[in-house]
Amino acid sequence: MLIMEYNKRLKNSVWEYFDFLSGVDPYTLSREIRLIMPPRRVLHTLGVEERAVTMAHRFGSCDTEARQAALLHDITKSFPSQLKLLQMCDMLCEGRLLPAVLHAVTGAELSKRLGASDSVISAVRWHTTGRENMTKLEKIIYLADMIEPFRKEFPGKKKLGMLCLDDLDKALHLGLTIALSHVESKGLEVDPNTVRALSWITGRLQGHE
Ligand SMILES: [Fe+2]
Ligand SMILES: [Fe+2]
């Protein structure tokens, strides 16, 4: 059983866990996911999956990729040391990464090793910050992560949820605005990718692109 193997191998090293999972296709992983995450994260992940698939149908994106990206987006978030994972993956050359972003980088690396498509990998990579020129799937996962039903309420969540079924770019604009003001209100460091994403989508909505 996967979970037994997981527990055994994680005790040895996270690197072995990567090796172990590399033989598991993303579809199988989707069935096993609830065994390898803490219950709260399982609920969140399944909530993101449900929202992402709904949005994929609404906006003409591939629902299989939306499902995979949703299931994989926080896959490494419960792992003991994100920094250790980065070192193992030789990914420290990407420049300075904020702690909240680390699991997106390691999650993208694991998704790659599991054989996910490039669009799924990039949706996992950019789900925490957004970026300039986001693809449709990146927008869907970024937003589904915010509006999934099990996420704690925040000002604007309901409005954002409705926009997510109506206009993807307007929803992204609102989602990025909410995320930036949340980070600033907490006195946390703002990721430059989020700032660039907001300025890009603002220009797009104003017809500059
Ligand atoms: Fe995440
Ligand atoms: Fe998440």
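Reading the values: rules and limits
- Residues numbered from 1 in each chain as written.
- Chains lettered and ligands numbered in written order.
- Predicted model: local features only at pLDDT ≥ 70, side-chain atom pairs only at ≥ 80, totals over all residues.
- Helix = DSSP H or I, 4+ residues; strand = E, 2+ residues; numbered from the N terminus.
- Buried ≥ 20, exposed ≤ 12 C-beta atoms within 10 Å, placed from the backbone.
- pLDDT = per-residue confidence, 0-100.
- Axes fitted to C-alpha atoms, helices over the stretch in contact; angles between N-to-C directions.
- Parallel < 35°, antiparallel > 145°, perpendicular 65-115°, else oblique.
- Left-handed = near helix turned anticlockwise from the far one by under 90°.
- Contact = placed C-beta atoms within 7 Å.
- Nonpolar A, V, L, I, M, F, W, Y, C, P; charged D, E, K, R; others polar.
- Core = buried A, V, L, I, M, F, W, Y, C linked by C-beta atoms within 7 Å.
- Expected span 1.5 Å × (residues − 1).

Novice: Report on unusual backbone geometry, specifying residues and quantitative values.
Specialist: If you check the backbone angles, asparagine 133 has positive phi at about 55° while not being a glycine. With respect to the secondary-structure elements, asparagine 133 resides in the loop between α8 (118-125) and α9 (136-147). For asparagine 133, a count of 11 C-beta atoms within 10 Å corresponds to the exposed category.

Novice: With reference to specific residues and values, describe the confidence of the model for the protein chain.
Specialist: Confidence along the protein chain averages 82 in pLDDT terms, with 72% of residues attaining 70 or more. Across the protein chain, the secondary-structure element scoring lowest on mean pLDDT is helix α1 (residues 2-12), at 51, and the one scoring highest is α9, at 98.

Novice: Tell me about the packing of helix α4 (residues 39-59) against helix α5 (residues 63-72), and please be specific about residues and values.
Specialist: Close contact between α4 and α5 brings their axes to 8 Å; oriented N to C, the two are set at 160°. The angle between the axes of α4 and α5 places the two elements in the roughly antiparallel class. Taken as a pair, α4 and α5 cross one another with a handedness that is right-handed. In contact with Thr45, Val48, Glu49, Ala52, Val53, Ala56 and His57 of α4, α5 contributes Asp63, Ala66, Arg67, Ala69, Ala70 and Leu71. A breakdown of the residues in the contact of α4 with α5 according to their chemical character gives 8 nonpolar, 2 polar and 3 charged.

Novice: Help me get a handle on the nonpolar core, residues and values and all.
Specialist: With 43 residues, the main nonpolar core has Ala52, Ala69, Ile140, Ile141, Leu143 and Ala144 as its most contacted residues. At the level of elements, α4, α5, α7 (99-113), α8, α9, α10 (157-163), α11 (168-185) and α12 (192-205) are the ones that each hand at least two residues to this core. The biggest single contributor to this core is α9, with 8 residues.

Novice: Now, about α4: what can you tell me, with residues and values included?
Specialist: Taking 1.5 Å per residue as the helical rise, α4 with its 21 residues ought to reach 30 Å, and the 30 Å between its terminal C-alpha atoms agrees with that figure. Taken as a whole, α4 has its buried residues at His44, Thr45, Val48, Glu49, Arg51, Ala52, Met55 and Ala56. Buried-residue contacts for α4 involve α5 and α9.

Novice: Could you give an account of the packing of α4 against α9, naming the residues involved and the relevant values?
Specialist: Axis separation between α4 and α9 bottoms out at 8 Å; the angle between their running directions is 140°. By the angle between their axes, α4 is oblique relative to α9. In the crossing of α4 with α9, the sense of the turn from one axis to the other is right-handed. Residues Val48, Arg51, Ala52, Met55, Ala56 and Phe59 of α4 form the contact with α9, whose own contacting residues are Lys136, Ile140, Ile141, Leu143, Ala144, Asp145 and Ile147. In the contact of α4 with α9, the residues fall into 10 nonpolar, no polar and 3 charged.

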